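As a plain string of letters, each chain reads:
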Amino acid sequence: MRRLVRGVVAAWLLVLALVQVVGLVLVWWIFIRTPHGQVLDASVLRAAGIGRSQVADLVDTLLDAVSLASLIAATIAIGFIAVTRRRYRLAVVATLLIVGATATSRVLKNIVIDRPDLGIAGTNIGAPNSLPSGHMTVAAAVTVAAVLVVPPRLCSLTAVVGTIYTALTGIATLSAGWHRPSDALAALLVVGVWASAGGHFLVRAQRHEPVQEPARPHHHTVAILALVGGALLAATVLTIGLVDHAELTPPVELSTPRLIGVYLAGVTGIAGATCLLSAMVLSTVHRVVPTLDQPTLIDTIIEALPADPTSQPATETRPTGRSINPAAATPSDTIRK
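Numbers given for residues are sequential positions, taken from 1 along each chain in its written order. Since the coordinates come from a predicted model, pLDDT governs what is reported: local features require at least 70, and pairs of side-chain atoms require 80 or more to be given and counted, while whole-chain, interface and lining totals use all residues. By convention in this description, side-chain values take in all heavy atoms of the structure and omit both hydrogens and water.

## A short note on the overall build of the chain
Point 1. Helix numbers and strand numbers start at the N terminus; a helix is a DSSP run of H or I with at least 4 residues, a strand a run of E with at least 2. Broken down by element type, the chain carries 11 helices and 2 strands.
Point 2. Element order for the chain, N to C, with α for helix and β for strand: α-α-α-α-α-α-α-α-α-α-α-β-β.
Point 3. Relative accessibility decides the category of a residue: with a 1.4 Å probe and only protein chains considered, values under 20% of the type maximum give buried, values over 50% give exposed, and everything between is partly exposed. Taking all 337 residues of the chain together, 52% fall into the buried category.
Point 4. Throughout, a residue-residue contact means that at least one pair of heavy atoms, one from each residue, lies within 4.5 Å. Taking contacts inside the chain between residues at least 6 apart in sequence as the whole, the part at least 24 apart equals 87%.
Point 5. Just so you have it, the chain exposes about 15,600 Å², and 70% of that area is on carbon and sulfur atoms. A 1.4 Å probe and the Shrake-Rupley method give the accessible areas. Residues count as covered only by the protein chains that appear here.

Encoded structure:
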């Protein structure tokens, strides 16, 4: 039965990777190769300039946090956490996820993709192609890798905090005028492809590891992230429908209310897509990284902490009727999220 479940999860992750590759191609085609897509993207950039001076300090603080030094430090820290938990294969996969996603975005942006000038006023800002966003790629990749390597009790908290930080990073790139909304969406898809591919490999490799049967998925947090993400994307579609009258109006001719509308659509679109990426990763992490048969000291200590209010409560009843909390169980009885 366990082998069958592993096969289903591995197949699902492979399908997710392929779907996200298709999504990346669609984002490229719609927002770079079509006039309407270029107008929507450029309108958000133009709108971002309206209140840029009021948020400049906050934006600079967020973007300055994403640097080569911080990326190296985060990658080393994530690898160290995985190694201390005796998850050596996970340490390699998490590191490759960060490095691979970052390198993929750079190659796509600087070599593979170009942004043609379609002759629409206000869409050619005199800058080279910026899809995918490097800042967004780094923030999302570090978040996903952290969710994979932390002990199960901390997965939900890590996912929520990382989602907020990643979304704010993407929104900051809009406010700074560095990136268009499609750049952030493409970055999330790049990270999603690497995360799904890495998860597929980890699940396939479990037949060589002494692991327990997973029993505590993060249902509550996944549901919250998915609902929030879906609501934000629905708001994005609704807002675009209200301000975009299916007419190819150049960004330089849009009124201020319509510019503000498309900017809000860009913000909610980035935040919603970030929530869905985190929900996708968190929904399978208990299968991708199940507990070892002999948990490490750090796993035992973390599992002994008070229950995570965002996780799925899990109790079992012995024949005597006593309810047992897995957090207080012996190492052999410990149930992994």
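After presenting the structure, the write-up continues.
## Comments concerning the nonpolar core
Point 1. The biggest cluster of nonpolar side chains holds 69 residues, and the ones touching the most others in it are Val144, Leu148, Val191, Tyr263, Leu277, Val281 and Leu282.
Point 2. The element that contributes the greatest number of residues to this core is helix H10 (residues 256-288), accounting for 13 residues.
Point 3. If you look at the next biggest cluster of nonpolar residues, it comprises 5 residues, including Val59, Leu63, Ala172 and Ala176. Definition of nonpolar core: a set of buried residues of the types Ala, Val, Leu, Ile, Met, Phe, Trp, Tyr and Cys, connected through side-chain atoms within 4.5 Å.

## Some details on the packing of helix H6 (residues 134-149) against helix H7 (residues 155-175)
Point 1. Here, axes are lines fitted to C-alpha atoms. For helices the fit covers the stretch in contact, and angles between N-to-C directions go from 0 to 180 degrees. Where H6 contacts H7, the two axes come as close as 9 Å, and the packing angle between them is 180°. Judged by the angle between their axes, H6 and H7 are roughly antiparallel. Side by side, H6 and H7 meet where His135, Met136, Ala139, Ala140, Thr143, Ala146 and Val147 of the first sit next to Cys155, Thr158, Ala159, Gly162, Thr163, Tyr165, Thr166, Thr169, Gly170 and Thr173 of the second. Here the angle decides the label: under 35 degrees means roughly parallel, over 145 means roughly antiparallel, 65 to 115 means roughly perpendicular, and every other value means oblique.

## Looking at H6
Point 1. If you check H6, its first and last C-alpha atoms are 23 Å apart, about what 16 residues at 1.5 Å a residue would give, namely 22 Å.
Point 2. Here H6 lies mainly inside the structure; 14 of its 16 residues are buried.
Point 3. The N-cap of H6, judged by a side-chain oxygen 3.1 Å from the amide nitrogen of Met136 a few residues on, is Ser133. Here, expected helix span is obtained from the residue count minus one, scaled by 1.5 Å. Any N or O atom pair separated by 3.5 Å or less is treated as a polar contact, with the protein-specific requirement of one donor-capable and one acceptor-capable atom, and with residues adjacent in sequence counted only for side-chain atom pairs.

## Side note on H7
Point 1. Taking 1.5 Å per residue, 21 residues should reach 30 Å; H7 reaches 30 Å between its end C-alpha atoms and fits that length.
Point 2. Most of H7 is tucked away, with 15 of its 21 residues classed as buried.
Point 3. Looking one or two places after H7, you find Gly177, whose phi comes out positive at around 80°.

## Remarks on the pattern of salt bridges
Point 1. Each salt bridge in this description consists of a side-chain nitrogen of Lys or Arg and a carboxyl oxygen of Asp or Glu lying within 4 Å of one another. For the coordinates displayed, the defined rule picks out 2 salt bridges.
Point 2. The closest approach of N and O atoms between Asp114 and Arg33, which form a salt bridge, is 3.8 Å. Taken together, the residues Asp114 in the loop between helix H5 (88-112) and H6 and Arg33 in helix H1 (residues 2-33) connect sequence positions 81 residues apart.
Point 3. Overall, the relative accessible area of 47% leaves Asp114 in the partly exposed class.

## Remarks on the packing of H5 against H6
When two helices pack together, their arrangement is given by the angle between the helix axes and by the axis-to-axis distance.
Point 1. Following both chains from N to C, one finds H5 and H6 inclined at 165°, their axes separated by 9 Å at the closest point. Taken as axis vectors, H5 and H6 run roughly antiparallel relative to one another. Crossing of H5 over H6 shows right-handed handedness. From H5, Leu90, Ala94, Leu97, Ile98, Ala101, Thr102, Ser105 and Lys109 reach across to H6, where they touch Gly134, Thr137, Val138, Ala141, Val142, Val144, Ala145, Leu148 and Val149.
Point 2. Residues are grouped as follows: Ala, Val, Leu, Ile, Met, Phe, Trp, Tyr, Cys and Pro are nonpolar; Asp, Glu, Lys and Arg are charged; all remaining types, including Gly, are polar. Here the contact of H5 with H6 is built from residues that sort into 12 nonpolar, 4 polar and 1 charged. Crossing handedness is defined as follows: a turn of the near helix away from the far one that is anticlockwise and smaller than a right angle gives a left-handed crossing, while the clockwise case is right-handed.

## Focus on the environment of Val190
Point 1. As for its position among the elements, Val190 is in helix H8 (residues 181-204).
Point 2. Spatially, the C-alpha atoms of Val190 and Gln20 are 7.7 Å apart, while their sequence positions differ by 170 residues.
Point 3. Excluding anything up to four places from it in sequence, Val190 contacts Leu24, Ala101, Thr104, Ser105, Leu108 and Pro132.

## Notes on the environment of Asp60
Point 1. Inspection of the secondary structure puts Asp60 in helix H3 (residues 52-64).
Point 2. Between the C-alpha atom of Asp60 and that of Ala176, which follows or precedes it by 116 residues, the distance is 8.0 Å.

## Comments concerning the environment of His218
Point 1. With respect to the secondary-structure elements, His218 resides in the loop between H8 and helix H9 (219-243).
Point 2. Take His218: its relative accessible area is 1%, and that puts it in the buried class.
Point 3. Sequence separation of His218 and Val285 is 67 residues, and the distance between their C-alpha atoms is 8.7 Å.

## What to know about a nonpolar patch on the surface
Point 1. Nonpolar side chains (Val, Leu, Ile, Met, Phe, Trp, Tyr) are joined into patches within 5 Å and like charges within 9 Å, using only residues with over 30% relative accessible area and no salt bridge. Side chains of Val22, Leu26, Trp29 and Ile30 sit close together on the surface and give an oily, nonpolar patch of about 390 Å² of accessible area.
Point 2. By the secondary structure assignment, Leu26 is in helix H1.
Point 3. Classification of Leu26 as partly exposed rests on a relative accessible area of 47%.

## Things to note about unusual backbone geometry
Point 1. Here the amide bond leading from Leu131 into Pro132 is cis, since omega sits at 0°, within 30 degrees of zero.
Point 2. Looking at where Pro132 falls in the secondary structure, it is placed in the loop between H5 and H6.
Point 3. One non-glycine residue, Arg86, lies in positive phi territory at about 60°.
Point 4. You can see Arg86 is positioned in the loop between helix H4 (68-84) and H5.
Point 5. Since its relative accessible area comes to 38%, Arg86 is described here as partly exposed.

## Section: the confidence of the model for the chain
Point 1. The pLDDT value expresses, per residue, how confident the predictor is, ranging between 0 and 100. Confidence along the chain averages 84 in pLDDT terms, with 82% of residues attaining 70 or more.
Point 2. Counting contacts from residues 308-337, a segment whose pLDDT is below 50, to residues more than four positions away or on other chains yields 58 contacts.

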